[in-house]
Amino acid sequence: MDVLTVLPPSFGYAIFIYLYSWIMLGYLAVKVGAGRKKYDVKYPTMYSDKEPVFNCIQRAHQNTLEVYPQWLLFQTIAALVYPLSASVLGAIWVTSRFSYAWGYYTGDPAKRMNGAYGYIGYFGVIILSISVGLQLLGVF
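Within any chain, residue numbers begin from 1 and follow the written order of that chain's sequence. Where local features are concerned, this predicted model is filtered to residues with pLDDT of at least 70; where side-chain atom pairs are given and counted, the filter is 80 or more; whole-chain, interface and lining totals use all residues. The basis for the side-chain values is all heavy atoms of the structure; hydrogens and waters are excluded.

Enquirer: Explain helix H5 (residues 118-136) to me, please; I cannot follow it from the model alone.
Expert: For an α-helix the count is 3.6 residues per turn, leaving residues at separations of three or four pointing the same way. Only DSSP runs of H or I covering at least 4 residues are called helices, and only runs of E covering at least 2 are called strands; the numbering of each starts at the N terminus. The length a helix should cover is 1.5 Å for every residue beyond the first. Over its 19 residues, H5 runs 27 Å from end to end, which matches the ideal 27 Å to within 8%, given 1.5 Å per residue. Of the residues making up H5, those classed as buried are Gly118, Gly121, Tyr122, Gly124, Val125, Ile126, Leu128, Ser129, Ser131 and Val132. One or two positions beyond H5, positive phi appears at Gly138, with a value near 80 degrees. The buried label applies to any residue whose accessible area, calculated with a 1.4 Å probe on protein chains only, is under 20% of its type's maximum; exposed applies above 50%, and partly exposed to all values in between.

Following this line, the structure appears as structure tokens:
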């Protein structure tokens with residue numbers, strides 16, 4: 001059995017959303033590295049006692065890493081049955097992580113909420129995953 005015959009053709013969109021998320025994570029990681037250099041925060045120190053802007057940069061990356069595994073799981077489950085919808089929702093979530101980070105990078109943590117629209121994508125793939133589970137159980 002060939003994976004290309006098992007997956008819906010539009011699952012290809014979901015694959016490109018995974019690649020987009022990889023680019024986003026790389027971008028956030030590079031920003032932390034640049035922040036370490038700019039604010040002289042040496043490894044393995046996670047946060048600075050003196051530089052709150054560095055802490056905001058680090059926190060934007062860390063928070064994204066905290067939710068990324070769950071997003072990947074729900075994104076994948078949703079995309080197996082609803083590839084186009086999941087891809088649109090995934091694009092919303094990934095794009096929101098840039099907005100979240102850029103708001104945080106200002107040094108004003110409240111501006112991280114510029115990325116709050118990402119909850120549409122995040123909860124959207126969770127709802128689609130619930131739908132997939134219910135379908136598998138024969139509920140509908």
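So, next bit.
Enquirer: Where do I start with the nonpolar core in this structure?
Expert: Nonpolar side chains in soluble globular proteins tend to end up buried together. Only buried residues count toward a nonpolar core. Its members are Ala, Val, Leu, Ile, Met, Phe, Trp, Tyr and Cys residues joined through side-chain atoms within 4.5 Å. With 31 residues, the main nonpolar core has Met24, Ala60, Trp71, Trp93, Val94, Tyr105 and Val125 as its most contacted residues. Of all elements in the fold, only helix H2 (11-39), helix H3 (52-81), helix H4 (83-104) and H5 reach the threshold of two or more residues within this core. Those residues within four positions of Trp71 in sequence are excluded, and the remaining contacts are Ile17, Tyr18, Ser21, Gly90, Trp93, Val94, Tyr122 and Val125. The contact criterion used is simple: two residues touch if any of their non-hydrogen atoms lie within 4.5 Å.

Enquirer: Is there a simple way to explain the packing of H4 against H5 in this structure?
Expert: When two helices pack together, their arrangement is given by the angle between the helix axes and by the axis-to-axis distance. Packing of H4 against H5 brings their axes to within 7 Å, and their N-to-C directions diverge by 145 degrees. Handedness of the H4/H5 crossing: left-handed. Here H4 contributes Ser85, Ala86, Leu89, Ile92, Trp93 and Ser96 to the contact with H5, which in turn contributes Gly118, Ile120, Gly121, Tyr122, Gly124, Val125 and Leu128. In this description, a line fitted to the C-alpha atoms serves as the axis of each element, helices being fitted only across the stretch in contact, and the angle between N-to-C directions of two axes falls anywhere from 0 to 180 degrees. Each crossing is labelled by how the near helix is turned from the far one, with a counterclockwise turn of less than a right angle marking it left-handed and a clockwise turn marking it right-handed.

Enquirer: Would you take a moment to explain a nonpolar patch on the surface for this structure?
Expert: For patch detection, residues must exceed 30% relative accessible area and be free of salt bridges, and they are connected within 9 Å for like charges or within 5 Å for nonpolar side chains (Val, Leu, Ile, Met, Phe, Trp, Tyr). Only the protein chains shown count as cover for residues, with accessible areas throughout obtained via the Shrake-Rupley method and a probe of 1.4 Å. The salt bridge definition used is simple: a Lys or Arg side-chain nitrogen within 4 Å of an Asp or Glu carboxyl oxygen. On the surface, a cluster of nonpolar side chains totalling about 570 Å² of accessible area is made up of Ile15, Phe16, Leu19, Trp22 and Ile23. Its place among the elements puts Phe16 in helix H2. Look at Phe16 and you get exposed, because its relative accessible area is 59%.

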